[in-house]
Structure formats: C-alpha cells, structure tokens
Amino acid sequence: MAKKRRDRRETDGLSSTQEEVKANASDSQVLKESQHTAGGSARMSFLILVAIFSCAASVMYLVYRNFPELPDDEMEKIKIPKDMDDAKALGTVLSKYKDTYYTQVLVAYFATYVFLQTFAIPGSIFLSILSGYLYPFPLALFLVCLCSGLGASFCYMLSYLVGRPVVYKYLSERAQKWSQQVDKHKDHLINYIIFLRITPFLPNWFINITSPVINMPLGVFFIGTFLGVAPPSFVAINAGTQLYKLTTAGEAVSWNSLAVLGVLAVLSILPVCFRKNLQKKLE
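Conventions and cut-offs
- Residues numbered from 1 in each chain as written.
- Predicted model: local features only at pLDDT ≥ 70, side-chain atom pairs only at ≥ 80, totals over all residues.
- Heavy atoms only, no water.
- Helix = DSSP H or I, 4+ residues; strand = E, 2+ residues; numbered from the N terminus.
- Polar contact = N/O pair within 3.5 Å; in protein donor to acceptor, adjacent residues only side chain to side chain.
- Contact = heavy atoms within 4.5 Å.
- Salt bridge = Lys/Arg side-chain N within 4 Å of Asp/Glu carboxyl O.
- Buried < 20%, exposed > 50% of the residue type's maximum accessible area, 1.4 Å probe, protein only.
- Phe/Tyr/Trp six-rings, centres within 6.5 Å; stacked < 30°, edge-to-face > 60°.
- Lys NZ or Arg CZ within 6 Å of the ring centre and 35° of its normal.
- Expected span 1.5 Å × (residues − 1).
- Axes fitted to C-alpha atoms, helices over the stretch in contact; angles between N-to-C directions.
- Parallel < 35°, antiparallel > 145°, perpendicular 65-115°, else oblique.
- Left-handed = near helix turned anticlockwise from the far one by under 90°.
- Nonpolar A, V, L, I, M, F, W, Y, C, P; charged D, E, K, R; others polar.
- Disulfide = S-S within 2.5 Å.

## A word on the side chain of serine 211
Next, step 1: Relative to the helices and strands, serine 211 is located in the loop between α9 (204–210) and α10 (218–228).
Next, step 2: Within the local environment of serine 211, its side chain forms a polar contact with the backbone oxygen of isoleucine 207, the two atoms lying 2.5 Å apart.
Next, step 3: With near-sequence residues (within four places) excluded, serine 211 lies in contact with Tyr156, Trp178, Met216 and Phe221.

Structure follows, in structure tokens:
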C-alpha cells in the first residue's frame, strides 16, 4: 500500500516536472517568436524605406535629366551644396539660366529641397540661402516654407509607415518625454510647433520622425511647420541677397537676427499665455 502511494507521488512529481519543462519551453518559444517578429518588422521597414528612397531618387534623376544641357564645367557645379563654396558655384550657374529656363530651374530647386527634407539629408540650409539670391523675397520665402512643410510632412508619413520600430528602439525615452509635452499643449499644438520650429530646443529631424508615433495630427504638423520655419528662413533668405560675401552658413546668422528670432518665438506663445490667464479668470 505504502509502495503504491510512493509510486503515485513519484509519478505526480514527474508529471509536474514535465509540465514545468513544457511551460518553460513554451515561454522560450514565445519570446523567440516575438524577437523574430520584431526583427522581421525592422527588416521589413528597412526594405520599404530602401524602396521608397529608390523611387524618390529615380524621380530626382528624371528631374535632372530634363534639365537644360550645360557645358561640362557648369554641369559639374549642379549638385547638392555641402558648403558655401558649393552654394556660390551653384548659384552662379542657376542665376545664369533661371530666366531662360525658369520652370526647369524652379522645379529642380523645389524637388531637391523636398527630397532633402523628406529623408533628413543635410544641405537644405544652403538652398534656403540660395533662394534669396535667385528669387524675389516674397517668392523665396513662400517657396522655402512650402518646401519645408511638404518635405517635413513626407518625412512624417515615411516615419508613420516604417519609422516606428526605429523610434521604439532608439528614441523611445526622448519620444515619451516629448509625448508628455505634446499632451500638455494639446489645446494649442500649432503654437507649440511654431515655437519649436523657431527655437533650437528640438532638432527638426527628431520632430519629423517622432510626431506620427506620438499621434500628432498631420494637418496641425504641416501648418505649424509652414508658419514656424518662416522666421529662420527670413534670416537665411535675407543673407542670400549677399551670397558672395558669405564664407560659411553660420555668417547668415547675426546677433540681430537671433534677437529677432527670440522675439518671434516669444510672440508665438503669447496667445497661449493670454488664453490660459483668461480661462483662469473665467473659472
């Protein structure tokens, strides 16, 4: 009798041990599957990003293929400017042909600016300065604001499609902090975006990439960007009128222009402060 009970306990112990082993194996399998799924999502996002970039690069190639035929020495200067010397050389060529081939030059400028903004490629500051050299001030300002707004919005949509794994993996802490700030300013998001675009507190690429992850509305994002980039663009375009006196992009910004930007940044949040004070008085 005692032997039967002992055999039964051993059998029950063996069964529980086997169940624990199976449970642990199951948990391990689930973890491996989740890791594989996350890795697969990141790989899929990367492939989609490469495909979109390839399509955009193809469009850029077609734009430049339709550009007027230029002598070899001038064609060498048709490239994305990396420094002020490149911007001066590019400005020399474009100013020579912009009246004869107005549409082609304008389309090439527009497409290049939007392309750089969409994929967060450096160089748009030189194009902003160049616009002040090539076009009348009102047109240059509208063009830069439109290109910035559209390019940032395309970057927003790109991040919405494929950027979430990157944000969750590398920028989750910063994105979470910014999400809390956005929640605090949800009743006046346009003013908040304008303020961020004028001031250097957050990099533009960070704002573009994380905005869809924290569910900022695209319409608010575009309007805030379009209006918010106007003051810095005003400084760059104004500097572009004296392009050949500049040696670096930093010379486009003076203490006076910084003071103006500071005043405009304060003005962008004044309506919010007045609204809050009015609400407190009404309550």
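## Digging into the pattern of salt bridges
Next, step 1: According to the stated counting rule, one finds four salt bridges in the structure shown.
Next, step 2: Glutamate 74 is paired through a salt bridge with lysine 96; the nearest N and O atoms lie 2.8 Å apart. Here the residue glutamate 74 occupies a position in helix α2 (residues 72–75), and lysine 96 occupies one in helix α3 (residues 84–97), the gap between them amounting to 22 residues.
Next, step 3: With relative accessibility at 11%, the residue glutamate 74 sits in the buried group.
Next, step 4: Its salt-bridge partner being glutamate 173, residue lysine 177 comes within 3.8 Å of it at the nearest N-O pair.

## Notes on the packing of aromatic side chains
Next, step 1: All chains considered together, the criterion is met by 13 aromatic pairs.
Next, step 2: Taking 6.2 Å as the distance between ring centres and 85° as the angle between the ring planes, the aromatic pair formed by tyrosine 102 and tyrosine 135 counts as edge-to-face. With tyrosine 102 in helix α4 (residues 102–118) and tyrosine 135 in the loop between α5 (124–134) and α6 (137–170), this pair connects stretches of sequence that are 33 residues apart.
Next, step 3: The partly exposed category is assigned to tyrosine 102, whose relative accessible area is 36%.
Next, step 4: Judged by relative accessible area, which is 5%, tyrosine 135 ranks as buried.
Next, step 5: Ring centres of phenylalanine 115 and phenylalanine 119 lie 5.3 Å apart, and the angle between their planes is 55°; on these two criteria the pair is classed as tilted. Both residues of the pair, phenylalanine 115 and phenylalanine 119, count as buried.
Next, step 6: Three or more aromatic residues joined by ring pairs form one cluster here, namely Tyr102, Tyr109, Tyr113 and Tyr135.
Next, step 7: One cation-aromatic arrangement involves arginine 174 over phenylalanine 206; the distance from NZ or CZ to the ring centre is 4.5 Å.

## Focus: α4
Next, step 1: Compared with an ideal rise of 1.5 Å per residue, which puts 17 residues at 24 Å, α4 spans 24 Å between its outermost C-alpha atoms and is within 8% of the ideal.
Next, step 2: Turning to α4, its buried residues number three or more, namely Val105, Ala108, Tyr109, Ala111, Thr112, Tyr113, Val114, Phe115, Leu116, Gln117 and Thr118.
Next, step 3: Note on α4: the residue one or two positions beyond its end, alanine 120, has a positive phi of about 50°.

## Quick word on the packing of α5 against helix α11 (residues 230–240)
Two quantities define a packed helix pair, namely the angle between the helix axes and the distance between the axes.
Next, step 1: For the pair α5 and α11, interaxial distance at closest approach is 6 Å and the crossing angle is 55°. The angle between α5 and α11 places the two elements in the oblique class. Along this stretch, α5 crosses α11, giving a crossing that reads as right-handed. Contact residues: α5 offers Ile125, Ser128, Ile129, Ser131, Gly132 and Tyr133, while α11 offers Ala236, Ile237 and Gly240.
Next, step 2: Within the contact of α5 with α11, the residues separate by chemical class into five nonpolar, four polar and no charged.

## A few points about the state of the cysteines
Next, step 1: Taken as a whole and judged by the stated rule, the model has zero disulfides.
Next, step 2: No disulfide involves cysteine 145; its nearest neighbouring cysteine sulfur is the one of cysteine 147, lying 9.5 Å away.
Next, step 3: You can call cysteine 145 buried: its relative accessible area is 4%.

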